[in-house]
Amino acid sequence: MAQKKGLKEWFRKKVVAIKRNPQRIGLVAFVLTFLYYALNLTSISNTTAKIQGPGMGLSGFITMLLSILSLVTYLNAFPHRKKVNKPMLILFFVMIAVIIFCDINYRNLIFAAVFRESNPIVVNAGTAYIAKAASVLYTHIILLAVSSVLTALSPVFKMLLGKINTSVDIDGYDQMEALDISGEE
């Protein structure tokens, strides 16, 4: 019973923390998106080395660089206990748009190399990382779009989370007598 009560209190504290900062939902989504791309970077790098298309390395580099910088910009767009820094938020969404453009450009270069008429790159067991890279980029674009929507819906989340009752019930609180604060004895 004590474990259940402790778990319930832990969950209540997490909900209170999210109620205070609903933009953390978007931040967590972007961190997970960044980790997904970063942990699958080997297939992207191997694909760049195999195909060597024009601008592939640059697209991969820009995606990684702007992914890191966008997290820093996100933190600056939502300073602690202050209003949203709108120029930083705009810069953040511009960075996300550039990342999506680079991902699309990279995927197009993969498809151009695989489906070209003269000397196409064959995707087989030895070059399966090319198909994985295309899949990673497609998933990365989807995750970026979902994370952007979650960030844009932060005000809605704040309103909806505000309706959740996170107050603590204290036994005997409603039976207390009125306190005399007049100072008269």
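What counts, and where the lines are drawn
Residues numbered from 1 in each chain as written. Predicted model: local features only at pLDDT ≥ 70, side-chain atom pairs only at ≥ 80, totals over all residues. Heavy atoms only, no water. Patch = residues over 30% accessible without salt bridge, like charges linked within 9 Å, V, L, I, M, F, W, Y side chains within 5 Å. Areas by Shrake-Rupley, 256 points an atom, 1.4 Å probe, with all protein chains shown as cover. Salt bridge = Lys/Arg side-chain N within 4 Å of Asp/Glu carboxyl O. Helix = DSSP H or I, 4+ residues; strand = E, 2+ residues; numbered from the N terminus. Buried < 20%, exposed > 50% of the residue type's maximum accessible area, 1.4 Å probe, protein only. Phe/Tyr/Trp six-rings, centres within 6.5 Å; stacked < 30°, edge-to-face > 60°. 1 Å grid on protein atoms, 1.4 Å probe; cavity = no way out; pocket = protein on both sides within 12 Å on 5 of 7 lines; lining within 4 Å. Points joined across faces, edges and corners; volume = space filled by probe spheres on them. Nonpolar A, V, L, I, M, F, W, Y, C, P; charged D, E, K, R; others polar. Core = buried A, V, L, I, M, F, W, Y, C linked by side-chain atoms within 4.5 Å.

J.: Please give an account of a nonpolar patch on the surface that cites residues and values.
T.: A cluster of nonpolar side chains, Val28, Val31, Leu32, Leu35 and Leu39, forms an exposed patch at the surface whose accessible area comes to about 460 Å². You can see Leu35 is positioned in helix α2 (residues 24-39).

J.: Tell me about unusual backbone geometry, residues and numbers included.
T.: The phi angle of most residues is negative, glycine excepted, and most peptide bonds adopt the trans form. Phi at Gln52 takes a positive value of approximately 55°, unusual for a residue other than glycine. Structurally, Gln52 is set in the loop between α3 (41-51) and α4 (56-77). Despite not being glycine, Asn119 shows a phi value in the positive range, around 55°. Of note, Asn119 is situated in the loop between α5 (86-114) and α6 (128-152). Here Asn119 falls in the exposed class, since its relative accessible area comes to 63%.

J.: Help me get a handle on the packing of aromatic side chains, residues and values and all.
T.: Counting across every chain of the model gives six aromatic pairs. Ring geometry for Phe92 against Phe93: centres 5.3 Å apart, planes inclined by 70°, an arrangement best described as edge-to-face. The exposure class assigned to Phe93 is partly exposed, which follows from its relative accessible area of 29%. With a centroid separation of 6.3 Å and an interplanar angle of 35°, the aromatic rings of Phe111 and Phe115 are classed as tilted. By relative accessible area, which is 65% here, Phe115 ends up exposed. One aromatic cluster is present, built from ring pairs that chain together Phe30, Tyr74, Phe78, Phe92 and Phe93.

J.: Please set out empty space enclosed by the protein residue by residue, giving values where relevant.
T.: Applying the stated criterion across every chain yields a total of one cavity of 30 Å³ or more. In this structure, the largest cavity spans a volume of roughly 60 Å³. If you go around the largest cavity, the residues you meet are Phe30, Thr33, Phe34, Ser67, Ser70, Leu71, Ile96, Ile99, His140 and Leu144. Of all the secondary structure elements, the ones that give two or more residues to the lining of the largest cavity are α2, α4, α5 and α6. Class assignment of the residues belonging to the lining of the largest cavity gives a composition of six nonpolar, four polar and no charged.

J.: Lay out the layout of surface pockets with the relevant residues and their values.
T.: Approximately 420 Å³ is the volume attributed to the largest pocket. If you go around the largest pocket, you meet 19 residues; those closest to its centre are Arg20, Pro22, Gln23, Phe78 and Lys158. Breaking the lining of the largest pocket down by element, the ones donating at least two residues are α1 (2-20), α5, α6 and α7 (154-162). Sorting elements by how many residues they give to the lining of the largest pocket places α7 first, with three residues. Residue composition of the lining of the largest pocket, grouped by class: nine nonpolar, five polar and five charged.

J.: Explain the nonpolar core to me, and be specific about the residues and the numbers.
T.: With 29 residues, the main nonpolar core has Phe30, Ile44, Ile51 and Ile110 as its most contacted residues. Listed by contribution, the elements that provide at least two residues to this core are α2, α3, α4, α5 and α6. No other element matches the 10 residues that α5 contributes to this core.

By themselves, these observations are geometric and do not establish any function.
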